[in-house]
Amino acid sequence: MTFRVMLVNPPVFRIEEPWYDTPPFARTGLAYLAGYLRQYPGFEIKILDCKFEMLNFEQAYEKILEFKPNILGLGAMTNEIKPAAYLAKMVKDKLPATITVIGGVHVTALPEITLQEFTQFDVGVIGEGEITFYELCTAVRDGKPLNNIKGLSLRNGNEIEVTPPRDRILNQDSIPFPAWDLLPMADEYGVMTLRGCPFNCVFCMNPNGRVARKRSVDNVIEELEMLIEKFHPSSISFGDELFSIDMERSKELLTAMIEHNIHKHITWWAQTHVRFVDYDMFVLMKKANVAAVGLGIETGDEEKLKGMGKGTSLKMIMEARIAARKAKVPIQAFFVLGQPNESVESIKNTVDTAVKLNPDLPVFGIMTPYPGTEVSRLAALGQAGYNLVTTDWDEFNKQIGGALEFANLSRSQIEKMQIMAYVKVYLNNHRYIDFIKFLWHYKAGAWSIFRKLIGMRQKSMYSYVEDTIKRKNTVEKGKKEIADAAEVWQKWQTSELNRAKKVDHNLIKIKHKD
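Residues numbered from 1 in each chain as written. Predicted model: local features only at pLDDT ≥ 70, side-chain atom pairs only at ≥ 80, totals over all residues. Heavy atoms only, no water.

## Details of the overall build of the protein chain
Tallying secondary structure elements over the protein chain gives 20 helices and 17 strands in all. Each principal axis of the C-alpha atoms in the protein chain carries an extent, and together these give about 65 × 55 × 45 Å. Across the protein chain, contacts joining residues at least 24 apart in sequence account for 75% of those joining residues at least 6 apart. Accessible surface computed for the protein chain: about 21,500 Å², of which carbon and sulfur atoms make up 54%. Averaging the locations of the 65 positively and 63 negatively charged side chains of the protein chain gives two centres separated by 2 Å. (Helix = DSSP H or I, 4+ residues; strand = E, 2+ residues; numbered from the N terminus. Contact = heavy atoms within 4.5 Å. Areas by Shrake-Rupley, 256 points an atom, 1.4 Å probe, with all protein chains shown as cover. Lys, Arg positive; Asp, Glu negative; His and termini not counted. Charge placed at Lys NZ, Arg CZ, Asp CG, Glu CD.)

Structure (C-alpha coordinates):
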(Lines give C-alpha, C1' and ligand atoms only; values in the text may rest on other atoms or scores of the structure.)
Protein backbone atom coordinates (compact mmCIF):
# COMPACT_ATOMS: atom_id res chain seq x y z
CA MET A 1 0.00 0.00 0.00
CA THR A 2 1.36 3.43 -0.97
CA PHE A 3 2.26 5.74 1.90
CA ARG A 4 0.93 9.25 1.25
CA VAL A 5 2.97 12.31 2.19
CA MET A 6 1.82 15.88 1.69
CA LEU A 7 4.07 18.92 2.12
CA VAL A 8 2.35 22.27 2.68
CA ASN A 9 3.30 25.92 2.88
CA PRO A 10 0.26 27.18 4.83
CA PRO A 11 -1.96 30.12 3.81
CA VAL A 12 -1.79 33.53 5.43
CA PHE A 13 -4.54 34.93 7.65
CA ARG A 14 -4.56 38.05 5.47
CA ILE A 15 -2.18 39.62 2.96
CA GLU A 16 -0.12 42.28 4.74
CA GLU A 17 3.28 41.94 3.07
CA PRO A 18 2.67 41.02 -0.59
CA TRP A 19 6.34 40.37 -1.26
CA TYR A 20 6.17 37.54 1.32
CA ASP A 21 2.49 36.61 1.39
CA THR A 22 2.03 36.20 -2.38
CA PRO A 23 5.51 35.23 -3.62
CA PRO A 24 6.23 34.77 -7.34
CA PHE A 25 7.82 31.37 -6.75
CA ALA A 26 7.09 28.32 -4.62
CA ARG A 27 8.96 27.52 -1.42
CA THR A 28 12.23 25.84 -2.29
CA GLY A 29 12.53 23.91 0.99
CA LEU A 30 9.38 21.87 0.37
CA ALA A 31 10.51 21.03 -3.17
CA TYR A 32 13.87 19.87 -1.79
CA LEU A 33 12.18 17.61 0.78
CA ALA A 34 10.01 16.04 -1.92
CA GLY A 35 12.97 15.65 -4.27
CA TYR A 36 14.92 13.80 -1.62
CA LEU A 37 12.04 11.61 -0.44
CA ARG A 38 10.99 10.41 -3.87
CA GLN A 39 14.35 8.75 -4.44
CA TYR A 40 12.95 5.95 -2.33
CA PRO A 41 10.06 3.66 -3.36
CA GLY A 42 6.75 3.41 -1.57
CA PHE A 43 5.85 7.08 -1.18
CA GLU A 44 3.17 9.08 -2.96
CA ILE A 45 4.07 12.74 -2.55
CA LYS A 46 2.15 15.96 -3.12
CA ILE A 47 3.17 19.57 -2.51
CA LEU A 48 0.75 22.38 -1.76
CA ASP A 49 2.18 25.90 -1.61
CA CYS A 50 -0.79 27.94 -0.47
CA LYS A 51 1.00 31.29 -0.66
CA PHE A 52 2.28 30.75 -4.19
CA GLU A 53 -1.04 29.25 -5.34
CA MET A 54 -2.99 31.91 -3.39
CA LEU A 55 -5.18 29.40 -1.58
CA ASN A 56 -7.13 30.21 1.57
CA PHE A 57 -7.58 27.87 4.55
CA GLU A 58 -10.75 26.26 3.29
CA GLN A 59 -9.26 25.56 -0.13
CA ALA A 60 -6.13 24.08 1.43
CA TYR A 61 -8.21 22.02 3.83
CA GLU A 62 -10.28 20.52 1.01
CA LYS A 63 -7.20 19.55 -0.98
CA ILE A 64 -5.62 17.90 2.06
CA LEU A 65 -8.79 15.97 2.87
CA GLU A 66 -9.01 14.79 -0.73
CA PHE A 67 -5.46 13.37 -0.59
CA LYS A 68 -5.81 11.93 2.96
CA PRO A 69 -2.09 12.01 3.76
CA ASN A 70 -0.52 9.62 6.24
CA ILE A 71 1.93 12.41 7.04
CA LEU A 72 1.23 16.12 6.67
CA GLY A 73 4.43 18.17 6.66
CA LEU A 74 4.13 21.92 7.25
CA GLY A 75 6.91 24.48 7.06
CA ALA A 76 6.87 27.75 8.98
CA MET A 77 8.97 30.71 9.92
CA THR A 78 8.16 32.41 13.21
CA ASN A 79 5.44 34.72 11.91
CA GLU A 80 3.94 31.76 9.99
CA ILE A 81 3.69 29.33 12.89
CA LYS A 82 0.14 30.25 13.94
CA PRO A 83 -1.30 29.85 10.42
CA ALA A 84 0.47 26.47 10.24
CA ALA A 85 -1.02 25.50 13.60
CA TYR A 86 -4.48 26.57 12.54
CA LEU A 87 -4.35 24.45 9.37
CA ALA A 88 -2.96 21.48 11.32
CA LYS A 89 -5.86 21.75 13.78
CA MET A 90 -8.40 21.79 10.95
CA VAL A 91 -6.86 18.63 9.51
CA LYS A 92 -6.44 16.79 12.82
CA ASP A 93 -10.09 17.37 13.69
CA LYS A 94 -11.11 15.51 10.53
CA LEU A 95 -8.16 13.14 10.03
CA PRO A 96 -6.92 12.32 13.55
CA ALA A 97 -4.71 9.47 12.31
CA THR A 98 -2.68 11.81 10.10
CA ILE A 99 0.74 12.57 11.61
CA THR A 100 1.32 16.33 11.55
CA VAL A 101 4.96 17.39 11.23
CA ILE A 102 6.20 20.95 11.61
CA GLY A 103 9.53 22.04 10.16
CA GLY A 104 11.31 25.32 9.50
CA VAL A 105 13.27 27.88 11.44
CA HIS A 106 10.74 28.44 14.24
CA VAL A 107 10.63 24.86 15.49
CA THR A 108 14.38 24.61 14.88
CA ALA A 109 14.95 27.49 17.30
CA LEU A 110 12.25 26.39 19.76
CA PRO A 111 11.90 22.61 19.40
CA GLU A 112 10.30 21.94 22.80
CA ILE A 113 8.28 25.12 23.12
CA THR A 114 6.66 24.72 19.70
CA LEU A 115 5.21 21.30 20.50
CA GLN A 116 4.18 22.42 23.99
CA GLU A 117 2.45 25.47 22.60
CA PHE A 118 0.74 23.84 19.63
CA THR A 119 -0.65 20.43 20.52
CA GLN A 120 -1.85 19.88 16.97
CA PHE A 121 1.74 19.22 15.87
CA ASP A 122 2.80 15.63 16.52
CA VAL A 123 6.48 15.93 15.54
CA GLY A 124 9.00 18.69 14.82
CA VAL A 125 11.86 18.41 12.33
CA ILE A 126 14.85 20.41 13.56
CA GLY A 127 17.28 21.97 11.12
CA GLU A 128 18.12 20.67 7.66
CA GLY A 129 15.26 18.36 6.87
CA GLU A 130 15.98 16.10 3.91
CA ILE A 131 17.45 13.07 5.69
CA THR A 132 15.48 13.54 8.91
CA PHE A 133 12.15 13.77 7.12
CA TYR A 134 12.88 10.70 4.99
CA GLU A 135 13.79 8.67 8.08
CA LEU A 136 10.67 9.95 9.85
CA CYS A 137 8.38 8.96 6.97
CA THR A 138 10.03 5.54 6.73
CA ALA A 139 9.71 4.91 10.47
CA VAL A 140 6.04 5.92 10.57
CA ARG A 141 5.29 3.79 7.51
CA ASP A 142 7.08 0.77 8.96
CA GLY A 143 5.73 1.20 12.49
CA LYS A 144 9.16 1.80 14.03
CA PRO A 145 9.98 4.11 16.98
CA LEU A 146 10.87 7.71 16.21
CA ASN A 147 13.21 8.40 19.11
CA ASN A 148 16.10 6.73 17.29
CA ILE A 149 15.96 9.38 14.57
CA LYS A 150 18.26 12.39 14.95
CA GLY A 151 16.91 15.91 14.62
CA LEU A 152 13.38 15.51 15.98
CA SER A 153 11.22 16.92 18.73
CA LEU A 154 8.42 14.52 19.59
CA ARG A 155 5.88 13.63 22.21
CA ASN A 156 6.67 11.06 24.89
CA GLY A 157 3.58 10.90 27.07
CA ASN A 158 3.17 14.34 28.59
CA GLU A 159 6.78 15.26 27.92
CA ILE A 160 8.53 16.64 24.83
CA GLU A 161 11.63 14.70 23.83
CA VAL A 162 14.33 16.23 21.64
CA THR A 163 16.60 13.71 19.95
CA PRO A 164 20.32 14.37 19.28
CA PRO A 165 20.97 16.91 16.50
CA ARG A 166 21.37 15.91 12.87
CA ASP A 167 24.68 16.71 11.20
CA ARG A 168 24.25 19.08 8.28
CA ILE A 169 24.89 17.75 4.78
CA LEU A 170 28.38 18.95 3.86
CA ASN A 171 28.33 17.56 0.30
CA GLN A 172 25.57 19.64 -1.27
CA ASP A 173 25.94 17.91 -4.65
CA SER A 174 24.57 14.76 -3.01
CA ILE A 175 21.12 16.35 -2.61
CA PRO A 176 18.72 15.72 -5.52
CA PHE A 177 17.21 18.68 -7.34
CA PRO A 178 13.95 20.10 -5.96
CA ALA A 179 10.79 18.37 -7.19
CA TRP A 180 9.43 21.38 -9.07
CA ASP A 181 7.29 19.12 -11.24
CA LEU A 182 5.04 18.53 -8.21
CA LEU A 183 4.07 22.21 -8.19
CA PRO A 184 2.33 24.45 -10.73
CA MET A 185 4.65 25.99 -13.29
CA ALA A 186 6.00 29.40 -12.37
CA ASP A 187 7.61 32.32 -14.11
CA GLU A 188 10.29 32.40 -11.43
CA TYR A 189 12.13 29.67 -9.52
CA GLY A 190 14.37 29.67 -6.47
CA VAL A 191 17.81 28.08 -6.69
CA MET A 192 20.27 27.53 -3.85
CA THR A 193 23.90 27.36 -4.98
CA LEU A 194 25.06 27.08 -1.37
CA ARG A 195 23.74 26.87 2.17
CA GLY A 196 25.20 28.72 5.12
CA CYS A 197 26.91 31.99 6.04
CA PRO A 198 30.16 32.41 8.03
CA PHE A 199 29.05 35.61 9.74
CA ASN A 200 27.31 35.85 13.08
CA CYS A 201 24.99 38.85 12.74
CA VAL A 202 23.09 39.61 15.93
CA PHE A 203 19.70 39.75 14.19
CA CYS A 204 20.05 36.53 12.16
CA MET A 205 19.48 32.98 13.36
CA ASN A 206 21.61 31.68 10.46
CA PRO A 207 19.53 28.47 10.10
CA ASN A 208 21.87 26.90 7.54
CA GLY A 209 24.90 27.28 9.77
CA ARG A 210 28.18 29.17 9.73
CA VAL A 211 29.78 27.01 7.05
CA ALA A 212 29.07 28.02 3.45
CA ARG A 213 28.44 24.58 1.96
CA LYS A 214 28.79 25.13 -1.75
CA ARG A 215 27.48 23.10 -4.65
CA SER A 216 29.83 22.57 -7.59
CA VAL A 217 29.49 24.88 -10.56
CA ASP A 218 28.63 21.93 -12.81
CA ASN A 219 25.83 20.86 -10.47
CA VAL A 220 24.29 24.34 -10.42
CA ILE A 221 24.51 24.69 -14.20
CA GLU A 222 22.81 21.31 -14.62
CA GLU A 223 19.88 22.48 -12.48
CA LEU A 224 19.58 25.80 -14.30
CA GLU A 225 19.54 24.05 -17.68
CA MET A 226 16.92 21.60 -16.41
CA LEU A 227 14.70 24.46 -15.21
CA ILE A 228 14.99 26.29 -18.53
CA GLU A 229 14.29 23.17 -20.58
CA LYS A 230 11.34 21.87 -18.54
CA PHE A 231 9.70 24.94 -17.00
CA HIS A 232 10.73 27.91 -19.19
CA PRO A 233 11.04 30.53 -16.43
CA SER A 234 11.91 34.13 -17.19
CA SER A 235 13.80 34.66 -13.95
CA ILE A 236 15.72 32.88 -11.19
CA SER A 237 16.03 34.00 -7.59
CA PHE A 238 19.21 32.67 -6.03
CA GLY A 239 18.37 32.00 -2.39
CA ASP A 240 21.94 31.86 -1.08
CA GLU A 241 22.60 33.82 2.08
CA LEU A 242 25.72 35.23 0.39
CA PHE A 243 25.86 34.44 -3.32
CA SER A 244 29.49 35.54 -3.83
CA ILE A 245 30.99 34.34 -0.53
CA ASP A 246 33.68 32.58 -2.58
CA MET A 247 34.42 35.19 -5.23
CA GLU A 248 36.53 32.87 -7.35
CA ARG A 249 33.79 30.25 -7.49
CA SER A 250 31.13 32.88 -8.14
CA LYS A 251 33.03 34.20 -11.13
CA GLU A 252 33.39 30.64 -12.41
CA LEU A 253 29.64 30.16 -12.05
CA LEU A 254 28.79 33.41 -13.82
CA THR A 255 31.20 32.58 -16.63
CA ALA A 256 29.63 29.13 -16.98
CA MET A 257 26.15 30.70 -17.13
CA ILE A 258 27.32 32.83 -20.04
CA GLU A 259 29.07 29.93 -21.80
CA HIS A 260 25.94 27.79 -21.52
CA ASN A 261 23.75 30.65 -22.82
CA ILE A 262 21.70 30.66 -19.63
CA HIS A 263 21.82 34.45 -19.65
CA LYS A 264 19.89 34.46 -22.94
CA HIS A 265 16.91 32.73 -21.32
CA ILE A 266 16.60 34.26 -17.85
CA THR A 267 17.30 37.25 -15.70
CA TRP A 268 18.27 36.59 -12.10
CA TRP A 269 18.55 38.09 -8.63
CA ALA A 270 20.89 37.32 -5.72
CA GLN A 271 21.89 38.81 -2.40
CA THR A 272 25.41 39.09 -1.09
CA HIS A 273 27.82 40.99 1.17
CA VAL A 274 29.68 44.21 0.32
CA ARG A 275 33.00 42.55 1.17
CA PHE A 276 32.48 39.95 -1.56
CA VAL A 277 31.84 42.16 -4.58
CA ASP A 278 34.01 44.40 -6.72
CA TYR A 279 33.78 46.10 -10.10
CA ASP A 280 34.89 42.98 -12.00
CA MET A 281 32.27 40.89 -10.22
CA PHE A 282 29.53 43.36 -11.05
CA VAL A 283 30.63 43.51 -14.70
CA LEU A 284 30.42 39.74 -14.93
CA MET A 285 27.03 39.77 -13.23
CA LYS A 286 25.84 42.30 -15.80
CA LYS A 287 27.07 40.11 -18.67
CA ALA A 288 25.24 37.16 -17.10
CA ASN A 289 22.01 39.21 -17.25
CA VAL A 290 21.50 40.05 -13.58
CA ALA A 291 18.29 41.93 -12.81
CA ALA A 292 19.40 43.25 -9.41
CA VAL A 293 21.67 42.44 -6.48
CA GLY A 294 20.58 42.73 -2.87
CA LEU A 295 23.08 44.02 -0.34
CA GLY A 296 22.56 43.74 3.41
CA ILE A 297 23.66 47.18 4.61
CA GLU A 298 21.70 46.94 7.90
CA THR A 299 22.82 50.28 9.38
CA GLY A 300 24.54 53.44 8.27
CA ASP A 301 26.04 54.14 11.68
CA GLU A 302 29.72 53.21 11.88
CA GLU A 303 29.61 52.28 15.57
CA LYS A 304 26.61 50.02 15.07
CA LEU A 305 28.37 48.31 12.16
CA LYS A 306 31.36 47.50 14.37
CA GLY A 307 29.22 45.63 16.90
CA MET A 308 26.98 43.80 14.47
CA GLY A 309 29.11 40.76 13.63
CA LYS A 310 28.88 41.40 9.89
CA GLY A 311 32.43 42.58 9.26
CA THR A 312 31.57 45.68 7.21
CA SER A 313 32.29 49.40 7.31
CA LEU A 314 30.82 52.49 5.67
CA LYS A 315 33.86 52.60 3.38
CA MET A 316 33.18 49.05 2.14
CA ILE A 317 29.52 49.86 1.64
CA MET A 318 30.18 52.99 -0.42
CA GLU A 319 32.83 51.24 -2.52
CA ALA A 320 30.41 48.43 -3.35
CA ARG A 321 27.71 50.93 -4.34
CA ILE A 322 30.10 52.88 -6.57
CA ALA A 323 31.28 49.67 -8.25
CA ALA A 324 27.70 48.55 -8.90
CA ARG A 325 26.72 51.93 -10.34
CA LYS A 326 29.76 51.95 -12.61
CA ALA A 327 28.86 48.47 -13.89
CA LYS A 328 25.19 49.52 -14.25
CA VAL A 329 23.93 46.81 -11.90
CA PRO A 330 20.74 47.74 -10.02
CA ILE A 331 21.09 47.49 -6.24
CA GLN A 332 18.58 46.69 -3.53
CA ALA A 333 19.76 47.81 -0.09
CA PHE A 334 18.37 46.25 3.09
CA PHE A 335 18.41 48.18 6.36
CA VAL A 336 17.28 47.21 9.87
CA LEU A 337 16.18 49.99 12.20
CA GLY A 338 16.46 49.20 15.90
CA GLN A 339 20.02 47.94 16.27
CA PRO A 340 21.32 47.25 19.81
CA ASN A 341 21.18 50.49 21.82
CA GLU A 342 19.76 52.29 18.81
CA SER A 343 19.05 56.01 19.17
CA VAL A 344 17.35 58.69 17.12
CA GLU A 345 20.79 59.92 16.10
CA SER A 346 22.04 56.53 14.90
CA ILE A 347 18.85 56.00 12.87
CA LYS A 348 19.37 59.42 11.30
CA ASN A 349 22.87 58.27 10.34
CA THR A 350 21.34 55.20 8.70
CA VAL A 351 18.83 57.29 6.74
CA ASP A 352 21.57 59.71 5.67
CA THR A 353 23.69 56.80 4.46
CA ALA A 354 20.72 55.37 2.57
CA VAL A 355 20.16 58.71 0.83
CA LYS A 356 23.83 58.82 -0.19
CA LEU A 357 23.73 55.23 -1.45
CA ASN A 358 20.52 55.94 -3.34
CA PRO A 359 19.80 52.25 -4.03
CA ASP A 360 17.39 51.35 -6.79
CA LEU A 361 15.20 49.74 -4.13
CA PRO A 362 15.63 50.61 -0.45
CA VAL A 363 14.08 48.27 2.12
CA PHE A 364 13.78 49.39 5.75
CA GLY A 365 12.71 46.80 8.29
CA ILE A 366 12.39 47.12 12.06
CA MET A 367 14.43 44.86 14.29
CA THR A 368 12.60 41.65 15.14
CA PRO A 369 13.80 39.31 17.90
CA TYR A 370 13.48 36.08 15.94
CA PRO A 371 14.00 33.07 18.22
CA GLY A 372 17.55 31.75 18.07
CA THR A 373 19.15 35.14 17.40
CA GLU A 374 21.38 37.12 19.70
CA VAL A 375 18.86 39.95 19.57
CA SER A 376 16.18 37.60 20.90
CA ARG A 377 18.42 36.71 23.84
CA LEU A 378 19.23 40.37 24.56
CA ALA A 379 15.57 41.35 24.32
CA ALA A 380 14.47 38.52 26.59
CA LEU A 381 17.01 39.64 29.19
CA GLY A 382 16.15 43.33 28.81
CA GLN A 383 19.61 44.22 27.56
CA ALA A 384 21.05 46.43 24.76
CA GLY A 385 18.10 48.80 24.93
CA TYR A 386 15.51 46.11 24.17
CA ASN A 387 12.40 44.89 25.91
CA LEU A 388 10.50 41.89 24.58
CA VAL A 389 6.84 42.81 24.99
CA THR A 390 5.07 39.79 23.51
CA THR A 391 5.44 36.18 22.49
CA ASP A 392 2.55 36.45 20.06
CA TRP A 393 4.32 35.14 16.98
CA ASP A 394 2.13 37.23 14.66
CA GLU A 395 4.10 40.24 15.94
CA PHE A 396 7.45 38.79 14.84
CA ASN A 397 7.43 40.55 11.50
CA LYS A 398 10.15 42.96 10.42
CA GLN A 399 7.89 45.33 8.49
CA ILE A 400 4.77 45.57 10.63
CA GLY A 401 5.49 43.57 13.78
CA GLY A 402 5.59 44.91 17.32
CA ALA A 403 7.44 42.36 19.43
CA LEU A 404 10.05 44.84 20.69
CA GLU A 405 10.14 48.04 22.66
CA PHE A 406 13.24 50.22 22.57
CA ALA A 407 14.79 52.04 25.50
CA ASN A 408 15.97 55.12 23.63
CA LEU A 409 12.96 55.78 21.43
CA SER A 410 9.30 54.86 21.28
CA ARG A 411 7.82 52.30 18.93
CA SER A 412 5.85 55.01 17.14
CA GLN A 413 9.04 57.05 16.69
CA ILE A 414 10.85 54.22 14.99
CA GLU A 415 7.84 53.43 12.79
CA LYS A 416 7.58 57.07 11.70
CA MET A 417 11.30 57.10 10.95
CA GLN A 418 10.85 53.93 8.90
CA ILE A 419 8.29 55.69 6.71
CA MET A 420 10.38 58.85 6.45
CA ALA A 421 13.42 56.81 5.43
CA TYR A 422 11.61 55.70 2.27
CA VAL A 423 10.43 59.24 1.58
CA LYS A 424 13.91 60.74 1.95
CA VAL A 425 15.71 58.20 -0.23
CA TYR A 426 13.38 58.91 -3.13
CA LEU A 427 12.59 62.59 -2.73
CA ASN A 428 16.03 63.80 -1.63
CA ASN A 429 17.39 62.17 -4.78
CA HIS A 430 14.60 63.72 -6.91
CA ARG A 431 13.23 60.31 -7.89
CA TYR A 432 9.60 61.37 -7.90
CA ILE A 433 8.35 58.94 -10.52
CA ASP A 434 10.24 56.07 -8.86
CA PHE A 435 8.56 56.98 -5.57
CA ILE A 436 5.10 56.87 -7.12
CA LYS A 437 5.91 53.48 -8.69
CA PHE A 438 7.23 52.21 -5.35
CA LEU A 439 4.08 53.27 -3.51
CA TRP A 440 1.86 51.66 -6.11
CA HIS A 441 3.83 48.40 -6.26
CA TYR A 442 3.94 48.00 -2.49
CA LYS A 443 0.61 49.65 -1.71
CA ALA A 444 -0.75 46.76 0.36
CA GLY A 445 2.38 46.62 2.51
CA ALA A 446 2.50 50.41 2.83
CA TRP A 447 -1.14 50.46 3.95
CA SER A 448 -0.38 47.78 6.56
CA ILE A 449 2.45 49.90 7.98
CA PHE A 450 0.31 53.04 8.02
CA ARG A 451 -2.67 51.20 9.55
CA LYS A 452 -0.49 49.86 12.35
CA LEU A 453 1.07 53.27 12.93
CA ILE A 454 -2.32 54.82 13.63
CA GLY A 455 -3.53 51.86 15.67
CA MET A 456 -5.81 50.27 13.10
CA ARG A 457 -4.13 46.88 12.79
CA GLN A 458 -6.75 44.16 12.54
CA LYS A 459 -6.73 41.34 15.08
CA SER A 460 -6.69 37.75 13.93
CA MET A 461 -10.04 36.54 12.67
CA TYR A 462 -9.24 33.07 13.99
CA SER A 463 -10.06 33.03 17.69
CA TYR A 464 -8.78 29.48 18.00
CA VAL A 465 -5.27 30.55 17.04
CA GLU A 466 -5.30 33.22 19.71
CA ASP A 467 -6.31 30.58 22.25
CA THR A 468 -3.33 28.37 21.40
CA ILE A 469 -0.85 30.80 22.96
CA LYS A 470 -2.64 31.11 26.30
CA ARG A 471 -0.30 28.47 27.71
CA LYS A 472 2.08 31.34 28.46
CA ASN A 473 0.35 33.05 31.36
CA THR A 474 3.03 35.73 31.48
CA VAL A 475 5.44 37.21 28.97
CA GLU A 476 8.18 36.70 31.56
CA LYS A 477 8.00 32.92 31.16
CA GLY A 478 8.28 33.27 27.41
CA LYS A 479 11.32 35.51 27.85
CA LYS A 480 13.26 32.89 29.78
CA GLU A 481 12.44 30.20 27.23
CA ILE A 482 13.56 32.40 24.35
CA ALA A 483 16.81 33.41 26.07
CA ASP A 484 17.66 29.79 26.89
CA ALA A 485 16.83 28.63 23.36
CA ALA A 486 19.14 31.22 21.81
CA GLU A 487 22.05 30.01 23.93
CA VAL A 488 21.39 26.37 23.01
CA TRP A 489 21.22 27.24 19.32
CA GLN A 490 24.50 29.17 19.36
CA LYS A 491 26.26 26.25 21.05
CA TRP A 492 24.99 23.94 18.32
CA GLN A 493 26.21 26.36 15.64
CA THR A 494 29.68 26.33 17.16
CA SER A 495 29.64 22.54 17.38
CA GLU A 496 28.76 22.20 13.69
CA LEU A 497 31.46 24.70 12.73
CA ASN A 498 34.07 22.68 14.62
CA ARG A 499 32.85 19.46 12.98
CA ALA A 500 33.25 20.99 9.52
CA LYS A 501 36.81 22.05 10.37
CA LYS A 502 37.69 18.46 11.25
CA VAL A 503 36.05 16.99 8.15
CA ASP A 504 37.61 19.42 5.65
CA HIS A 505 39.28 22.65 6.70
CA ASN A 506 38.73 24.07 3.19
CA LEU A 507 34.98 24.13 3.88
CA ILE A 508 35.34 27.09 6.21
CA LYS A 509 37.61 29.16 3.98
CA ILE A 510 36.07 32.25 2.41
CA LYS A 511 37.55 34.12 -0.52
CA HIS A 512 36.93 37.84 -0.82
CA LYS A 513 38.56 40.80 -2.51
CA ASP A 514 41.89 41.99 -1.17
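There's plenty left to go through after this.
## A look at the sheet that holds strand 8 (residues 188-191)
If you walk across this open sheet you meet the six strands as 8-11-12-13-14-15, and the pairing is parallel. Here the strands that pair on one side only, and so sit at the sheet edges, are strand 8 and strand 15 (361-366). Each adjacent strand pair in this sheet contributes to an overall mean axis angle of 20 degrees, direction not counted. Strand direction decides the pairing type here: strand 14 (residues 331-337) and strand 15, joined by six bridges, are parallel. Looking at strand 15, one finds that Val336 is bridged to Gly365. Contacts from helix 9 (residues 217-231) reach strand 8 and strand 11 (235-238) within the one sheet, and its direction differs from that of strand 8 by about 160 degrees. Along the sheet, helix 14 (residues 344-357) contacts strand 13 (290-298), strand 14 and strand 15; its crossing angle with strand 14, the most-contacted strand, is approximately 175 degrees. (Pairing = 2+ DSSP bridges. Axes fitted to C-alpha atoms, helices over the stretch in contact; angles between N-to-C directions.)

## Quick look at the sheet that holds strand 3 (residues 71-75)
An order of 2-1-3-4-5-6-7 is seen for the seven strands of this open sheet, with the pairing classed as mixed. One side of each edge strand has no neighbouring strand; the edge strands of this open sheet are strand 2 (43-49) and strand 7 (159-162). For this sheet the average axis-to-axis angle between neighbouring strands, irrespective of direction, equals 20 degrees. Where strand 4 (residues 99-103) lies against strand 5 (residues 123-125), two bridges are found, and the strand directions are parallel. Following the sheet pairing, Ile102 is matched in strand 5 by Gly124. Contacting strand 1 (3-9), strand 2 and strand 3, helix 4 (residues 57-67) runs over the sheet at an angle of about 170 degrees to strand 1.

## Notes on the packing of helix 9 against helix 10 (residues 247-259)
Where helix 9 meets helix 10, the closest approach of the two axes is 10 Å, and the angle between their N-to-C directions is 35 degrees. Crossing hand, helix 9 versus helix 10: right-handed. On helix 10, the residues that touch Val217, Val220, Ile221 and Leu224 of helix 9 are Arg249, Glu252, Leu253, Ala256 and Met257. When grouped by side-chain class, the residues that make up the contact of helix 9 with helix 10 number seven nonpolar, no polar and two charged. (Left-handed = near helix turned anticlockwise from the far one by under 90°. Nonpolar A, V, L, I, M, F, W, Y, C, P; charged D, E, K, R; others polar.)

## Focus: the side chain of His263
Among the secondary structure elements, His263 is positioned in the loop between helix 10 and strand 12 (267-272). Among all residues touching His263, those that are not within four sequence positions of it are Met257, Ile258, Lys287, Ala288 and Asn289.

## Comments concerning unusual backbone geometry
A positive phi angle, near 55 degrees, is found at Asn341, a position not held by glycine. Among the structural elements, Asn341 can be located in the loop between strand 14 and helix 14. Here the phi dihedral of Ala384 falls at roughly 60 degrees; this positive angle occurs in a residue that is not glycine. Mapped onto the secondary structure, Ala384 falls in the loop between helix 15 (374-381) and strand 16 (386-388).

## Remarks on the packing of aromatic side chains
Counted according to the given criterion, the structure contains 21 aromatic pairs. On the numbers, 5.5 Å between centres and 35 degrees between planes, the contact of Phe243 with Trp268 is tilted. Highlighted residues: Phe243 in the loop between strand 11 and helix 10 and Trp268 in strand 12, separated in sequence by 25 residues. Judged by relative accessible area, which is 2%, Phe243 ranks as buried. Ring pairs connect the aromatic residues Phe335, Phe364, Tyr422, Tyr426, Phe435 and Phe438, which therefore count as one cluster. Lying over the aromatic face of Tyr32, Arg195 brings its terminal NZ or CZ to 4.8 Å of the ring centre. For Lys326, the ring lying beneath its charged end belongs to Tyr279, and the centroid distance is 4.5 Å. (Phe/Tyr/Trp six-rings, centres within 6.5 Å; stacked < 30°, edge-to-face > 60°. Buried < 20%, exposed > 50% of the residue type's maximum accessible area, 1.4 Å probe, protein only. Lys NZ or Arg CZ within 6 Å of the ring centre and 35° of its normal.)

## Examining the environment of Met318
Here Met318 shows up in helix 13 (residues 314-327). Spatially, the C-alpha atom of Met318 lies 8.6 Å from that of Lys356, the residues being 38 residues apart in sequence.

## Some remarks on the side chain of Thr373
If you trace the backbone, Thr373 turns up in the loop between strand 15 and helix 15. Within polar-contact distance, the side chain of Thr373 engages the backbone oxygen of Tyr370 at 2.7 Å. Setting aside anything within four residues of it in sequence, one finds Thr373 in contact with Val202, Phe203, Cys204, Met205 and Ala486. (Polar contact = N/O pair within 3.5 Å; in protein donor to acceptor, adjacent residues only side chain to side chain.)

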